[in-house]
Amino acid sequence: MCVVRRAAAIGSLALFVVAPAKAHHPGAGGDIGSDGPSNAISASTLAEVQTVQEQPRLRLAQNTGGAGKTDSKVTEGAEAAAKGEISILSAAARAVTGKQAPIPAVDEETLSLYPTAAQCGECHKQIYEEWSSSNHAYASISPMFHAFEQKFQHLTQGTVGTFCVRCHQQVGTQLGENRETPLWKMSQISREGVSCITCHRVQEQYGKVNGERRVEPGKIYDPVFGSGEKSVIKDILANKDTYSVKTSKDGRGTDMHNGMMTNPQITKSEFCVSCHQVAVNLGIKLEIVWDQYRDSPAMKAGVTCQDCHMGKVPGKPEGYATGPSAVVGGKEINPGRKHANHRFIGPGYSIAHPGIFPHNTKAQAFTMKEWLEFDWRSGWGTNDFEDKVAHGKIKVDFPKRWADGLDREDARQIIDENLKKLDERYELRRQVMENGTKIDGPYFDGDPKAGKTLAFSYKIKNMNTGHNLPSGSLGAQPQLWVNVALVDPDGKNIWESGYVDSNGDMADLHSLDVAAGKIRTDQQLVNLQTKFLTTNVKGTDREMYLPVNFDIDPLPHLRPPQIPTTVLNHPPLVRLENHSLTPLGEMQAKYEVPGNLIKKPGKYRLAFRMRSRAEPIYFMRFVGATREMERRMNERMLSFHAYTVDLEVKP
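Cut-offs applied
Residues numbered from 1 in each chain as written. Predicted model: local features only at pLDDT ≥ 70, side-chain atom pairs only at ≥ 80, totals over all residues. Heavy atoms only, no water. Helix = DSSP H or I, 4+ residues; strand = E, 2+ residues; numbered from the N terminus. Buried < 20%, exposed > 50% of the residue type's maximum accessible area, 1.4 Å probe, protein only. Contact = heavy atoms within 4.5 Å. Areas by Shrake-Rupley, 256 points an atom, 1.4 Å probe, with all protein chains shown as cover. Pairing = 2+ DSSP bridges. Axes fitted to C-alpha atoms, helices over the stretch in contact; angles between N-to-C directions. Core = buried A, V, L, I, M, F, W, Y, C linked by side-chain atoms within 4.5 Å. Parallel < 35°, antiparallel > 145°, perpendicular 65-115°, else oblique. Salt bridge = Lys/Arg side-chain N within 4 Å of Asp/Glu carboxyl O. Disulfide = S-S within 2.5 Å.

## Quick notes on the overall build of the chain
Helix and strand content of the chain: 23 helices and 28 strands. Evaluated residue by residue, the chain yields a buried proportion of 55% over its 651 residues. By sequence separation, contacts in the chain at least 24 residues apart represent 73% of the contacts at least 6 residues apart. Split by element, the accessible area of the chain, about 28,800 Å² in all, is 51% carbon and sulfur.

## Examining the sheet that holds strand E21 (residues 479-487)
Neighbouring strands of a sheet are bound in pairs by backbone hydrogen bonds; such pairs are parallel or else antiparallel. Spatially, the four strands line up as an open sheet ordered E22-E21-E27-E28, and their pairing is antiparallel. Only two strands of the sheet have a single neighbouring strand rather than two, namely strand E22 (493-497) and strand E28 (638-649). With strand direction ignored, the average angle separating the axes of adjacent strands in the sheet is 15°. Pairing analysis gives nine bridges linking E21 to strand E27 (residues 602-613), with the strands arranged antiparallel. Residue pairing across strands places Val484 opposite Phe608, the latter belonging to E27. Strand contacts of helix H19 (residues 405-435): E21, E27 and E28, with the helix running at about 60° to E28, the strand carrying the most contacts.

## Overview of the nonpolar core
Judged by nonpolar contacts, the single largest core of 62 residues is most densely connected at Ile351, Trp371, Phe374, Phe619, Met620 and Phe622. With six residues, helix H6 (residues 143-155) is the single largest residue contributor to this core. Apart from residues lying up to four places away in sequence, Trp371 is in contact with His353, Gly355, Ile356, Ala363, Phe366, Trp402, Ala411, Ile414 and Ile415. Core analysis: the second largest hydrophobic core is formed by 31 residues, Leu528, Ala589, Val593 and Phe608 among them.

## Here's the deal with the packing of helix H18 (residues 383-390) against H19
Running from N to C, H18 and H19 cross one another at 170°; their axes reach a closest spacing of 11 Å. Taken as axis vectors, H18 and H19 run roughly antiparallel relative to one another. Contact residues: H18 offers Phe385, Glu386 and Val389, while H19 offers Gly405, Arg408 and Glu409.

## What about the pattern of salt bridges?
For the coordinates displayed, the defined rule picks out 27 salt bridges. Arg179 serves as the salt-bridge partner of Glu180, at 2.9 Å between the closest nitrogen and oxygen. The class for Arg179 is buried, based on a relative accessible area of 5%. In this structure, the salt-bridge partner of Lys362 is Glu417, at a minimum N-O distance of 2.7 Å. Highlighted residues: Lys362 in the loop between strand E18 (338-339) and helix H17 (368-372) and Glu417 in helix H19, separated in sequence by 55 residues. One salt-bridge network, held together by shared partners, links Arg377, Glu628, Arg631 and Glu635.

## Some remarks on the state of the cysteines
Under the counting rule described, the total for this entry stands at one disulfide. Shown here is the disulfide that connects Cys167 with Cys275, its sulfur atoms set 2.3 Å apart. Taking the sign of the torsion about the S-S bond as the criterion, the disulfide between Cys167 and Cys275, at about -100°, is left-handed. Placement of the pair is Cys167 in helix H7 (residues 165-168) and Cys275 in helix H13 (residues 273-276), with a sequence separation of 108 residues. Taking relative accessible area as the criterion, Cys275 reaches 23% and is therefore assigned partly exposed. Between Cys196, a free cysteine, and Cys120, which holds the nearest cysteine sulfur, the sulfur-to-sulfur gap is 4.0 Å. Not part of a disulfide, Cys199 finds its nearest cysteine sulfur in Cys272, a span of 7.7 Å. Since its relative accessible area comes to 16%, Cys199 is described here as buried.

Pasting the structure below:
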């Protein structure tokens, strides 16, 4: 492991290998339903140094119910401490205020200033369950994120520093936890990624990008920030015994915050800007959702990010569900209140070990390292597997932690719960993609005839008024493409576009099978993926996975440009090749099937589907992902708008 500037060393990637599983390898012209690949469990290793950072003081203002309105008079539970301005620092934290004091680990007193989502879930159970399988909750756990981040650190000689983790692990970064610390050694709040307090302990109205935002520290008892809509927290605090709650460490009952303050920005799109508009070190934009949104019909109509991603219909601004803001002491609080869905519906998904993600309070009975040793694919803990072990039909050299069959069965119950959540997430992903797109067609050029070229097309429209299709992180991911196939009267697939190779990649210039001559290049591929173009040694552009040009020089070409990037509109030698559809934009996907493939008359079937995947497999290999990570990426690949039409081919 090499040490680089500002202690940003390059972490190694630790592999926890389990029994390999056989992979299905689809090829060109194969079944349109085929997916992809194979084996082993991963976890990124990263090493530790932490500091306690300066903890500023927080001014309290009790919300009175109206959005944007505050009252200097704090709730009854907070009045004693709130004579103007109060400090929410512990004595231990105050002792190092203003200093960067290295310590071997974040102490419990400091961690108590950053409550976990599991703590908030004691009262906000529905919200916790929604959040637990969200991309926000996945931000820090993602093995692909860590593989990507480590590769980026390596290519840029560690100069990226905390650029990536300050969004993905904001609280951990703020606590001074080193980006290289293994996840199993980091605090629970760090592993929760974009957690409750990442939004609800933000005091200021930020408009900055690249993760420039700060979480205000405070114990579970200290006030939180919210929309203030129909807040009834004063009534609960006035009847603590009735609801069995407490606002200090003394007494009995459930811990709760002693006030709620309004941050008007939390219901606005601007609140999302900090982490959803990102320019990397060269000055090129890696994520441009805000740029797309602020010039969109949604912005002009007053539709916010929250309206589509937290509303009752995935991807559509059709209002919000209603529900209690909390359940306290077994009693529903404000059951008719507007409920913002904290699943934050989008096309992304998890490839982590299902014992680690989704977040599950039951799973905390086992450590992350123990979970990584649990071979869920082989059926550990299932009745069938355990019966075979008990009768000596199979023998397994179990790790010490999993030697007890009852422990394996308990773990399997948690795995099954989490896999069910992932299945629910898959369905919501399908809904958001179908709600955001419209497919018309096929439209045929003339009558289909045997021996004659069949020309046809589909119209693809982005129904989303807020941003491009696809959006999110650009360059390497996400992928969105069209898969269409023609099946003859005998049921044989005679032609296909949008097929994948044995690794799961499309048959373009990045396919290893195409490079090896195993399959043909898909000349009619319709792929909406945005890519980076970098200048290579001969001065021409080539598609690249990252906006880092390391082909023309022994070191990446990261020198400051002689011309400001604002003049060029992109850094020298790097630019984006954008294939996405603008809001309400549409395109025609045109295809031709050679006449020599349509050999006889009869009834043919033309099958269509859109496909979505979070990461290309070629990019995963570029950053050093394991085979298990590739397999998980392909297993959860999404197909939507799937339908088939019959056509009669005449002699």
